[in-house]
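Structural features, examined
Each chain, written out:
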Amino acid sequence: QEQLADSGGGSVQAGGSLRLVCEASRSIYSSYTMGWYRQIPGKQRELVASITLDRATHYAESVKGRFTISREDAWNTVYLHMNSLKFEDTAVYFCNAKPPTGWERRLPEYWGNGTPVTVSQ
């Protein structure tokens, strides 16, 4: 059974917007810190944004002020609202679920399959 299902990527012109969607199983959503990473071919996966159970957020410097991460409890869903997209935001974006602090050795980390975002200049 798929634990994380990420979607919403696509092609957009610079300056445009996209909303990424990550649907999680109830057990993961209710216990884990959720986040989004992105990866360009040949480069390491990098954290874009994360949100804890109590909705504390963290953003990469490169996306601050442009991207917003949020959680929707009714749907076990995490969103990444991306505005003012730039060419350098082009990447495959992956939903991520990290165990709570102190549980890293006892619970697995989960990843979505990735959704591609292409921003044209």
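The structure we're discussing is the one just above.
Residues numbered from 1 in each chain as written. Predicted model: local features only at pLDDT ≥ 70, side-chain atom pairs only at ≥ 80, totals over all residues. Heavy atoms only, no water.

**Here's the deal with the overall build of the protein**
- Within the protein one finds one helix and 11 strands.
- Counting from the amino terminus, the protein carries its helices and strands in the arrangement β-β-β-α-β-β-β-β-β-β-β-β.
- Compactness check: the protein gives a C-alpha radius of gyration of 14 Å against a globular reference of 14 Å for 121 residues, within 12% of the reference.
- The principal-axis extent of the C-alpha atoms belonging to the protein is close to 45 × 30 × 30 Å.
- The burial tally for the protein puts 40% of its 121 residues in the buried class.
- Pairs at least 24 apart in sequence give 56% of the contacts found in the protein among residues at least 6 apart.
- Total accessible area on the protein stands at roughly 6800 Å², and carbon and sulfur atoms take up 49% of it.
- Of the charged side chains in the protein, 13 are positive and 12 negative; the average position of the first set lies 3 Å away from that of the second. (Helix = DSSP H or I, 4+ residues; strand = E, 2+ residues; numbered from the N terminus. Rg over C-alpha atoms; globule rule 2.2 N^0.38 Å. Buried < 20%, exposed > 50% of the residue type's maximum accessible area, 1.4 Å probe, protein only. Contact = heavy atoms within 4.5 Å. Areas by Shrake-Rupley, 256 points an atom, 1.4 Å probe, with all protein chains shown as cover. Lys, Arg positive; Asp, Glu negative; His and termini not counted. Charge placed at Lys NZ, Arg CZ, Asp CG, Glu CD.)

**A few points about the pattern of salt bridges**
- What the rule picks out here adds up to six salt bridges.
- The partner of D89 in a salt bridge is R38, with the nearest N and O atoms 2.9 Å apart. Of the two residues, D89 is situated in the loop between β8 (77-82) and β9 (91-98) and R38 in strand β4 (residues 33-39); the sequence distance between them amounts to 51 residues.
- Note on D89: relative accessible area 1%, which makes it buried.
- Residue K98 is joined to E109 by a salt bridge in which the shortest nitrogen-to-oxygen separation is 2.4 Å. One end of the pair, K98, is in strand β9; the other, E109, is in the loop between β9 and β10 (110-111), with 11 residues separating them in the sequence.
- Classification of E109 as partly exposed rests on a relative accessible area of 38%.
- If you follow the salt bridges from partner to partner, you end up with R38, E46, R66 and D89 in one network. (Salt bridge = Lys/Arg side-chain N within 4 Å of Asp/Glu carboxyl O.)

**What to know about the packing of aromatic side chains**
- Under the definition given, this model contains two aromatic pairs.
- Relative to W111, the ring of Y37 lies with its centre 4.9 Å away and its plane at 70°, an arrangement referred to as edge-to-face. Of this pair, Y37 sits in strand β4 while W111 is found in strand β10, placing the two residues 74 residues apart along the sequence.
- Over the face of the ring belonging to F94 we find R45, whose NZ or CZ atom lies 3.7 Å from the ring centre. (Phe/Tyr/Trp six-rings, centres within 6.5 Å; stacked < 30°, edge-to-face > 60°. Lys NZ or Arg CZ within 6 Å of the ring centre and 35° of its normal.)

**Quick word on the state of the cysteines**
- The final tally for this structure, using the stated rule, is one disulfide.
- Disulfide pairing places C22 opposite C95 at an S-S distance of 2.0 Å. An S-S torsion of about -75° defines the bridge between C22 and C95 as left-handed. With C22 in strand β3 (residues 18-24) and C95 in strand β9, the pair connects residues that are 73 residues apart, well separated along the chain. Accessibility classification places C22 together with C95 in one group, the buried group. (Disulfide = S-S within 2.5 Å.)

**Here we look at the pairing of β8**
- Where burial is concerned, most of β8 is hidden: five out of the six residues are buried.
- Pairing geometry for β3 and β8, over six bridges, is antiparallel. Counterpart to L18 in the pairing with β8 is M82.
- Relative to β8, strand β7 (residues 67-72) runs antiparallel, the two being bridged by six bridges. The residue bridging S70 from the neighbouring strand is Y79, located in β8.
- Linkage of β7 to β8, two consecutive antiparallel strands, is achieved through a turn of four residues, within which N76 is found at a positive phi near 50°. (Pairing = 2+ DSSP bridges.)

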